[in-house]
Amino acid sequence: MAETHNYQMAIDLLCCHLGISEEEAKQQLGIGSQQQVQKHIADAHHILMSVNQDG
């Protein structure tokens, strides 16, 4: 993922100084795998559709 390359220094710093995994560091930075992004989009879509039906 291109985002990971752009944030690699921040990821490395979080991993080193906080002692967390690379995946946890990505979550802290708000970046993640494409699957995670797609899941968040699907979840948000589902919530918006249910709100729209309720209102």
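Residues numbered from 1 in each chain as written. Predicted model: local features only at pLDDT ≥ 70, side-chain atom pairs only at ≥ 80, totals over all residues. Heavy atoms only, no water.

*Asks:* Would you mind showing me how to read the environment of alanine 25 here?
*Replies:* In this fold, alanine 25 is placed in helix H3 (residues 22-29). On the accessibility criterion, alanine 25 (0% relative accessible area) is buried. When the C-alpha atoms of alanine 25 and alanine 10 are compared, they prove to be 8.2 Å apart, with 15 residues separating the residues in sequence. Discounting residues that sit within four places of it in the chain, alanine 25 has contacts with Ile11, Leu14, Cys15 and Ile20. (Helix = DSSP H or I, 4+ residues; strand = E, 2+ residues; numbered from the N terminus. Buried < 20%, exposed > 50% of the residue type's maximum accessible area, 1.4 Å probe, protein only. Contact = heavy atoms within 4.5 Å.)

*Asks:* What should I look at first to understand the pattern of salt bridges in this one?
*Replies:* A pair can form between side chains of opposite charge whenever their charged atoms are brought close. Taken as a whole and assessed by the stated rule, the structure comprises two salt bridges. One salt bridge connects glutamate 22 with lysine 26, and the closest N-O pair in it is separated by 3.7 Å. With glutamate 22 and lysine 26 both in helix H3 and four residues apart, the pair spans about one turn of that helix. The exposure class assigned to glutamate 22 is partly exposed, which follows from its relative accessible area of 38%. Note that aspartate 43 and lysine 39 form a salt bridge whose closest N and O atoms lie 2.9 Å from each other. Remark: lysine 39 and aspartate 43 occur in helix H4 (residues 34-54); sequence separation between them is four residues, near one turn of the helix. Under the relative-accessibility criterion, aspartate 43 is labelled partly exposed at 34%. (Salt bridge = Lys/Arg side-chain N within 4 Å of Asp/Glu carboxyl O.)

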